[in-house]
Amino acid sequence: MKDFRLIFRWWLLSVCLSCPCRVLLIGGTSVRGFFTGTAVRTTSVELYDPATGLWRDTGFLNVARSGHTATVLADGRVLVAGGVGADGKVIPWVELYDAETETWTLTAPLSTARSSHVATQLADGRVLVTSGVSSTGAALASTEVVQPAGFCPAHGCVPESDDALCAKQEAGCGTLSVQDACGTTRQVSCGQCSQSTSCGGAGIPYRCGFPGGAGWQVETLGTAGGGRPGIVIEANGEPAVAYLWYDVGGGSGFTYEVFLARRHSQGWSAAPIQGGVLSSNVALARTSTGQLRAAATMRVYVYSSSDEVPILLSWDAGRWRDEVTAPTYPVVNASQLAMGLGPTDEPLVCTIDLVTSFHTAELLCYARDGAGAWRRDRVDAPGSYGGAPSVAVDRDGLPHLAYYDMNKKALIHAVKGATGWTLETVDASADVGRDASLALDAQGHPHIAYRDATNKDLKYARWMGSAWSLEQVDTADDVGGTPALALDAQGRPHISYEDLTRKNLKYARWSGTAWEFTTVDASGVGGANSALTLDASGRAHIAYYGQGLRYARGP
């Protein structure tokens, strides 16, 4: 059995040097931010080993928190319950720490969200949670008993709590008929969703969502703003989504915060990673080692002027670190943004930079040089409207861009070689190329999904090795809004996009012989600014806007 003494960060970092116990420093509040020095709740966990006299990072919490409790269980695991989350709201989430693997696992949540409470281990190994402060700020007089996952008392069978059964079945809402650990069939209520019509659905029963078309499941994440979100699949096979949240700030009007939402067995948890950003899209990528990188735009004040610059956010040693990617001179006014990672995970950030208010703009890309300093590269002057560029880096480290040239009303592909950027017009048959989405296949050949604004169609272009192949994918009604493209393991395209006539989210995939179409979300509230990714099994995952931020999961 492991021997721990537990302490917490609060407003300041606390340190315990007792011996011979090992010390686990869990979550709490720390200070982050190049720009603001904001106090934020953290997922960081540190371990002090008296044998070495050193502190080191250990497994990070799934949910940032302070004001929580921690209890060392009889089997050496550590149970953390409740507290205040990254967004300042009281949370019910419970996590278990395995000292052998140094990992945290979410388990059944508290029935009542609470912070500043008391947790006591009972003689039979369960944990009694009492009092605290509720989500409304009221003092709580209630108690509840937490039965840790995998708990097995020596004196016989103890059935799981209702919350444990809900978590075991991945049930976020609705009523289950399920057999507990003692063989008894029970009717268990797993709560309600914020929208009564959104409880249940195909594919992932009892989550807060609703069935989409053809076996898709749609889940609601809540209010969000800004442009296109970013989405990646993490090591556990679940999605992470980066997006913007409104933040009314001072005399400067609306600013935003970048939030990261992660999906887990009890639903979604979200935490802010950067405040004070501008209303634009958010880029998100995952490195070869599983670390996340995000990019957004932010206003930085330099003497009497201000620059609107791209920033890179990197998860490093249990915290988010921010850095300005633009050199300080000349002044920049970054608008729409995209990011790609190279073969060794080096970031490339590209933006549309507004030069004047008369639809004049430059396409600029930012990357580190051999010395690690950020350098700016001017690619083109395509005009200010038409969405963000799309970025991908091939296996040789060559960056590719797809974007709309407002002056030519055409789709452009750019690639950088040893002598500089080579620009090529892919399609100029009409007003085409808005909101282009680019992906590279295994041979490094570019594929692009884009909108034909003249004919109101979804189009698709691919490089065949010597020429471009162009085709109309969907021509029904007014379609092709803000498309997103991903290629599966066979190099076949998958495209998510908006049906602007019916305000629905649609999905097209190439079967090998024909295009197949599905209306994923037919609620009629939009399917704009979709972001698409595929998991290891080829299942599609889409983040998009429709009366707030939504997530759709393929069958």
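Coordinates for the structure precede this section.
Everything in this summary refers to the structure shown in the same document. Note that the structure is predicted; figures quoted are calculated from it, not measured. (Residues numbered from 1 in each chain as written. Predicted model: local features only at pLDDT ≥ 70, side-chain atom pairs only at ≥ 80, totals over all residues. Heavy atoms only, no water.)

## Examining the sheet that holds strand β37 (residues 468-474)
Working definition: the strands of a sheet are paired by backbone hydrogen bonds and lie parallel or antiparallel to each other. If you walk across this open sheet you meet the four strands as β34-β35-β36-β37, and the pairing is antiparallel. The open sheet has two edge strands, β34 (432-440) and β37, and neither has a second partner. Geometrically, the sheet is characterised by an average inter-axis angle of 25 degrees between neighbouring strands, direction not taken into account. Sheet topology places strand β36 (residues 457-463) next to β37; six bridges connect them, and they run antiparallel. Considered in β37, the bridge of Y460 is made with E471. (Pairing = 2+ DSSP bridges. Helix = DSSP H or I, 4+ residues; strand = E, 2+ residues; numbered from the N terminus. Axes fitted to C-alpha atoms, helices over the stretch in contact; angles between N-to-C directions.)

## Describing the nonpolar core
Note that soluble globular proteins tend to have their nonpolar side chains buried in a common cluster. By size, the foremost hydrophobic cluster in this structure holds 33 residues, and its most contacted members are V258 and L260. Where this core is concerned, the elements lending two or more residues are β19 (239-248), β20 (254-264), β21 (267-277), β22 (283-286), β23 (292-302), β24 (305-316), β26 (334-341) and β28 (361-368). Here the element with the most residues in this core is β23; it accounts for six residues. Leave out the neighbours within four places in its chain, and V258 touches Y243, L244, A271, P272, I273, Q274, V277, V282, A296 and L313. (Core = buried A, V, L, I, M, F, W, Y, C linked by side-chain atoms within 4.5 Å. Buried < 20%, exposed > 50% of the residue type's maximum accessible area, 1.4 Å probe, protein only. Contact = heavy atoms within 4.5 Å.)

## Some points on the pattern of salt bridges
This structure, assessed with the given rule, holds 19 salt bridges. K459 is the salt-bridge partner of D427, the closest N and O atoms lying 2.8 Å from each other. Of the two residues, D427 is situated in strand β33 (residues 420-427) and K459 in strand β36; the sequence distance between them amounts to 32 residues. Residue class for D427 comes out buried when judged on its relative accessible area of 3%. A cluster of three or more residues bridged by salt bridges with shared partners is formed by E219, E238, R263 and R553. (Salt bridge = Lys/Arg side-chain N within 4 Å of Asp/Glu carboxyl O.)

## Considerations on the side chain of H413
Among the secondary structure elements, H413 is positioned in strand β32 (residues 410-417). The class for H413 is buried, based on a relative accessible area of 6%. For H413, the side chain forms a polar contact with the side chain of H400, separated by 3.0 Å. Apart from the residues lying within four places of it in its own chain, the contact partners of H413 are H400, L401, T422, L423, E424, V426, P446 and W468. (Polar contact = N/O pair within 3.5 Å; in protein donor to acceptor, adjacent residues only side chain to side chain.)

## Some details on the environment of E346
For E346, the location among the structural elements is in the loop between β26 and β27 (347-354). Residue classification places E346 among the partly exposed positions, given a relative accessible area of 35%. On a C-alpha basis, the gap between E346 and A367 in space is 7.9 Å, while along the polypeptide they are 21 residues apart. If sequence neighbours within four positions are ignored, E346 has contacts with G340 and L341. Of the polar contacts made by the side chain of E346, one reaches the side chain of T344; its length is 2.3 Å.

## So, unusual backbone geometry
With phi around 55 degrees, S116 is a residue other than glycine that occupies positive phi space. Note that S116 resides in the loop between β10 (103-107) and β11 (118-121). Within the chain, T482 stands out as a residue other than glycine whose phi angle is a positive 35 degrees. Structurally, T482 can be placed in strand β38 (residues 479-487). Among the residues examined, T482 registers a relative accessible area of 11% and is labelled buried.

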